[in-house]
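Summary of the model geometry
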Amino acid sequence: MTGRTLYDKLWDSHVVHAEEDGTALIYIDRHLVHEVTSPQAYEGLRLAGRKPWRTDSIVATADHNTPTRDWAQGIADPVSRMQVETLDANIAASGAKAYFPFRDTRQGIVHVIGPENGATLPGMTVVCGDSHTSTHGAFACLSTGIGTSEVEHVMATQCLLQNKTKNMLVRVDGQLPFGCTAKDIALAVIGKIGTAGGTGHAIEFGGSTIRALSMEGRMTVCNMAIEAGARAGMVAADETTVAYLRGRPFAPKGEMFERAAAYWRTLVSDPDAKFDRVVELNAGEIKPQVTWGTSPEMVTTIEGRVPDPDKERDPARREGIERALVYMGLTPDTAIKDIRIDKVFIGSCTNSRIEDLRAAAWVVQRLGKRVAPGIKVAMVVPGSGLVKRQAESEGLDKVFVAAGFEWREPGCSMCLAMNDDRLEPGERCASTSNRNFEGRQGTGGRTHLVSPAMAAAAAIEGHFVDVRQLA
Amino acid sequence: MKSFVVHTGLVAPLDRANVDTDAIIPKQFLKSIKRSGFGPNLFDAWRYLDKGEPGMDNTRRPLNPDFVLNAERYRGASVLLARKNFGCGSSREHAPWALDDYGFRCVIAPSFADIFFANCFKNGLLPLVLTESKMDRLFAEAAAFPGYRLTIDLPRQRVVKPDGEEWEFDVDPFRKDCLLNGWDDIGLTLRHADKIRAFEMARRAEQPWLFG
Ligand code: SF4
């Protein structure tokens, strides 16, 4: 038998039934649920008189619609409140392994709370009605985002109908330069292969640079796999994975943990495994990334300039650049460092974990100044209640507040602007989130995707700056 | 899922090409927590003269007299005639939900958008393809004869016209089976319930930490 990739192994170990055409029923170990994509699924089950197959696979939270301040006053928007209350009622009626409702101390973004509670474990299949479910692949999981019908399907059958995709390896080797982070790796990969580069593939991220990343960093990279067009991103398990999980609330304990860990260590691609496509990056050449357009692949480095559409020969691409520049309100050839911003958002399931907040706070302290006068708001939104308390115990909140940042309650917040946190038309934002699509952070809002360190520096200086100079 | 075997129903003609999912159900209604109740907002922007918002009493809104579904003679229609590329746009299932909730059981068009086409089958709605020339005849006859009804005979794959003429149509055998039996994806998967249970037991024995 030839070697298998990590994806092959995860796939093979979950096939319940395969049709002749290759469509397979895949068993689902963990189902993460939030308020936006679950109500119709629960209703569908009720209308059909069906019961959830295994409620102890469900871990739920309210995150997309929840406000990030004045929690005592509840949720003002009635439509948002209704969605959150509907989730409360659905969980109360049918049960779950765990539910972290609005205002719970462990509430947070669904892709942050899963891993930090040990609800995401190596070797699992993880699904959620949300495209950034790819995040959990950092734990050597097969994790995919699904639609509402599929949410209902998983609830009713504990299975998902899937076709196997191809294997792609993104290998990053070498030492990341000072000031460059997992976010810069993710954006550099997308810049290289494009937003359709991973279509039809499951991406495994490997190489010495990925091995050297913390679990937080690996989650950031896998989170963005979906922006590269792949339905799943993953990283092989190793001692970093095992160490992260030890002692987490839902991780196995004692002797059972050792037994599990022994299995987890086998979740790597075999040395002779064949990938359909291999992409290689040299980490030493990665520079801090900044997007300039309305798609994550429209990215350059802090040393770069806004592109000139006239220099693009491909007419479709030229038109794409022109349209993006009009929307973004940018002039060709402007130096990235000269782009002034109005708002700063540090948060989202890409970059709201403790390591992200530490990096941002470090930059703030190092620069030793307050948020630039031109900045309307610079907000830090921790990914979860646990992240928030950890940050507060380290005094990071004081660093932010003293410098003029707003320290908010956890949630998705301005990543997609379903609550009150949003950009007004024309406002320009340095954001640590994952999508810079038109209107994503508010109608007419302009998003530049960057790392937490770059976002913090931009808040202090009022425009993009090269954080490598802080060495 | 509702099964579809033989259906006879009043025909309504929607004579526009490229009707997209946003036209079928505008996006302000997608914040709903329900899968039902979209019927009153089907084709909302064309059907009413005012701008529709969630929570309005739709029975009190001013109807657009020029919109075909508002004509008295098409009230209670369950077969929709449409033009090419019906259902283009997003993948959201709200579009078939809205058509179904309104009371349509079958949409006949010369072509459909892919995802919408698949979503219809998932929701018990039959999307049926006929040639442009046959569509022209149906549009003409539905306009000419008030109370024009068609019978869609799925087992025989025939559209039966009031004059007795029968037209054959194609349908994927697997999807036909699902519709005839009222199987949805969940129903189909549950046919393997024993296999799922066996798989689950083996998994529980091997990796007990995943359960409980
Ligand atoms: S933080 Fe953003 S990307 Fe992540 S789950 Fe929330 S809305 Fe989606």
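Preceding this paragraph is the structure being described.
A brief look at the structure comes next. (Residues numbered from 1 in each chain as written. Chains lettered and ligands numbered in written order. Predicted model: local features only at pLDDT ≥ 70, side-chain atom pairs only at ≥ 80, totals over all residues. Heavy atoms only, no water.)

Some remarks on the overall build of chain B
This is how the line gets drawn: Strands here are runs of E lasting at least two residues and helices are runs of H or I lasting at least four, both read from the DSSP assignment and numbered beginning at the N terminus. Working definition: with a 1.4 Å probe on protein chains only, accessible area under 20% of the residue-type maximum means buried, over 50% means exposed, and in between means partly exposed. Contact between two residues is taken to exist if any of their heavy atoms lie within 4.5 Å; hydrogens are not considered. In short, Shrake-Rupley with a 1.4 Å probe defines the accessible areas, and a residue's cover is counted only from the protein chains shown. Counting rule for charge: Lys and Arg are taken as positive, Asp and Glu as negative, and neither His nor the chain ends is counted. Note that the charge is assigned to NZ on lysines, CZ on arginines, CG on aspartates and CD on glutamates.
Scanning chain B from terminus to terminus reveals eight helices and seven strands. Every one of the 212 residues in chain B was classed for burial, and the buried ones make up 51%. Restricting to contacts in chain B with at least 6 residues of sequence separation, those with at least 24 account for 64%. Carbon and sulfur atoms make up 52% of the accessible area of chain B, which totals about 9,700 Å². One finds the centroid of the 30 positive side-chain charges in chain B at a distance of 3 Å from the centroid of its 29 negative side-chain charges.

Considerations on the sheet that holds strand E15 (residues 343-346) of chain A
All names here are of chain A. Our working rule: Paired strands, as defined in this entry, are two strands with at least two bridges between them according to DSSP.
One open sheet accounts for five strands, arranged E17-E16-E15-E18-E19; its pairing is parallel. The open sheet terminates on both sides in strands that have one partner only, identified here as strand E17 (406-407) and strand E19 (446-449). Sheet topology places strand E16 (residues 377-380) next to E17; two bridges connect them, and they run parallel. What sits directly across from Met379, in E17, is Glu406.

Structural notes on the environment of Gly103 of chain B
All names here are of chain B. Note that Gly103 resides in the loop between helix H3 (94-102) and strand E3 (106-109). On the accessibility criterion, Gly103 (29% relative accessible area) is partly exposed. Put simply, Gly103 and Trp167 are 64 residues apart on the chain and 24 Å apart in space, counted from C-alpha to C-alpha.

Notes on the pattern of salt bridges
Just so we agree on the cut-off: By definition, a salt bridge exists where a carboxyl oxygen of Asp or Glu is found within 4 Å of a side-chain nitrogen of Lys or Arg.
Following the criterion strictly, the structure yields 48 salt bridges over all chains and no others. Note that Lys9 of chain A and Asp270 of chain A form a salt bridge whose closest N and O atoms lie 2.9 Å from each other. One end of the pair, Lys9 of chain A, is in helix H1 (residues 6-12); the other, Asp270 of chain A, is in the loop between helix H10 (254-264) and strand E12 (277-282), with 261 residues separating them in the sequence. With relative accessibility at 25%, the residue Asp270 of chain A sits in the partly exposed group. The salt bridge involving Arg468 of chain A is made with Asp466 of chain A; its shortest N-O contact spans 2.8 Å. For Asp466 of chain A, a relative accessible area of 8% gives the class buried. Bridged by salt links that share partners, the residues Arg137, Glu141, Lys161, Asp163 and Glu165 of chain B form one connected network.

A short note on the site of the ligand
Heads up, the rule is: Neighbouring residues are identified by heavy atoms, a residue being near a molecule or strand if any of them is within 4 Å of it. Under the convention adopted here, Pro, Cys and the residues Ala, Val, Leu, Ile, Met, Phe, Trp and Tyr are nonpolar, Asp, Glu, Lys and Arg are charged, and Gly plus all remaining residues are polar.
Surrounding the ligand, one finds His64, Ile109, His111, Asp130, His132, Ser348, Cys349, Cys412, Cys415, Leu416, Asn434 and Arg440 of chain A. Here the shell around the ligand is built from residues that sort into five nonpolar, five polar and two charged.

Re the side chain of Thr157 of chain A
Residues and elements named next belong to chain A. Formally: Pairing of N or O atoms within 3.5 Å defines a polar contact, subject to two protein rules: one partner must be a possible hydrogen donor and the other a possible acceptor, and residues neighboring in sequence count only if both atoms are side-chain atoms.
Its location among the elements puts Thr157 in helix H5 (residues 148-157). Under the relative-accessibility criterion, Thr157 is labelled buried at 0%. Within polar-contact distance, the side chain of Thr157 engages the backbone oxygen of His153 at 2.7 Å. Within polar-contact distance, the side chain of Thr157 engages the backbone nitrogen of Cys159 at 3.1 Å.

Examining the interface of chain B and chain A
The criterion, for reference: Once two parts are put together, the accessible area they lose, assessed with a 1.4 Å probe and summed over both, is termed the buried area.
Opposite the 33 residues of chain B that make contact, chain A presents 42 residues. Carbon and sulfur atoms supply 58% of the area buried between chain B and chain A, which totals about 3,200 Å² over both sides. Between chain B and chain A we count five salt bridges in total. A salt bridge links Asp184 of chain B to Arg50 of chain A, with the shortest nitrogen-to-oxygen separation between them at 3.1 Å. Counting across the chain B and chain A interface gives 15 residue pairs in polar contact (both at pLDDT 80 or more). Among the secondary structure elements, those contributing two or more residues to the side of chain B that touches chain A are H3, helix H7 (185-190) and helix H8 (193-206) of chain B. A per-element tally of the side of chain B that touches chain A places H8 of chain B first, with 10 residues. Partitioning the side of chain B that touches chain A into residue classes produces 12 nonpolar, eight polar and 13 charged.

Some remarks on the packing of helix H12 (residues 354-367) of chain A against helix H13 (residues 385-393) of chain A
Residue and element names in this part refer to chain A. The criterion, for reference: Helix axes use the C-alpha atoms of the stretch in contact, all axes being lines fitted to C-alpha atoms, and the angles between their N-to-C directions lie in the range 0 to 180 degrees. Here the angle decides the label: under 35 degrees means roughly parallel, over 145 means roughly antiparallel, 65 to 115 means roughly perpendicular, and every other value means oblique. Crossing handedness is read from the near helix: turned anticlockwise from the far helix by less than a right angle, it gives a left-handed crossing, and turned clockwise, a right-handed one.
Their axes nearest at 9 Å, the elements H12 and H13 cross at an angle of 40°. Classified by the angle their axes make, H12 and H13 are oblique. Of the two possible hands of crossing, H12 and H13 adopt the one that is right-handed. Contacts between H12 and H13 involve Ile354, Leu357 and Arg358 on the former and, on the latter, Val387, Gln390 and Ala391. When its residues are assigned to classes, the contact of H12 with H13 shows four nonpolar, one polar and one charged.

Section: the packing of aromatic side chains
All names here are of chain B. Cut-off, in case you're wondering: Under the pairing criterion, centres of Phe, Tyr and Trp rings, with the six-membered ring standing for Trp, must be within 6.5 Å; the plane angle then separates stacked pairs below 30 degrees from edge-to-face pairs above 60, leaving the rest tilted. When the NZ atom of lysine or the CZ atom of arginine is within 6 Å of a ring's centre and also within 35 degrees of its normal, the charge is said to sit over that ring.
Inspection of every chain in the model, using the stated rule, returns 19 aromatic pairs over all chains. Put simply, the rings of Phe86, Phe112, Phe116, Phe117 and Phe121 pair up and form one aromatic cluster. Above the face of the Trp46 ring, Arg16 is positioned so that its terminal group lies 3.8 Å from the ring centre.

Here we look at the sheet that holds strand E6 (residues 158-160) of chain B
All names here are of chain B. Pairing is mixed in the open sheet, where seven strands are placed in the order E4-E3-E2-E1-E5-E6-E7. The strands lining the two open edges of the sheet, one partner per strand, are strand E4 (126-129) and strand E7 (166-168). Strand-to-strand twist across the sheet, computed as the mean angle between neighbouring axes with direction ignored, equals 30°. Relative to strand E5 (residues 149-153), strand E1 (residues 6-13) is paired through five bridges, and the arrangement is antiparallel. The residue of E5 that forms the bridge with Gly9 is Leu150.

With respect to the nonpolar core
Residue and element names in this part refer to chain A. Filter applied, for reference: Throughout this description, the term nonpolar core refers to a set of buried Ala, Val, Leu, Ile, Met, Phe, Trp, Tyr and Cys residues connected via side-chain atoms within 4.5 Å.
Ranked by size, the top nonpolar core spans 103 residues in total, and within it Leu121, Phe139, Val170, Ile185, Phe205, Met234 and Trp264 carry the most contacts. Ranked by the residues each element gives to this core, the list is headed by helix H6 (residues 182-193), at eight residues. When near neighbours in sequence (up to four residues on either side) are disregarded, Val170 contacts Val189, Ile203, Glu204, Phe205, Gly206 and Val279. With 53 residues, the next largest nonpolar core counts Ala378, Val387, Met454 and Leu470 among its residues.

Points about unusual backbone geometry
One non-glycine residue, Ser413 of chain A, lies in the positive phi region at around 55°. On the accessibility criterion, Ser413 of chain A (0% relative accessible area) is buried. Even without being glycine, Asn18 of chain B reaches a positive phi, approximately 55°. Its location among the elements puts Asn18 of chain B in the loop between E1 and helix H1 (21-24).

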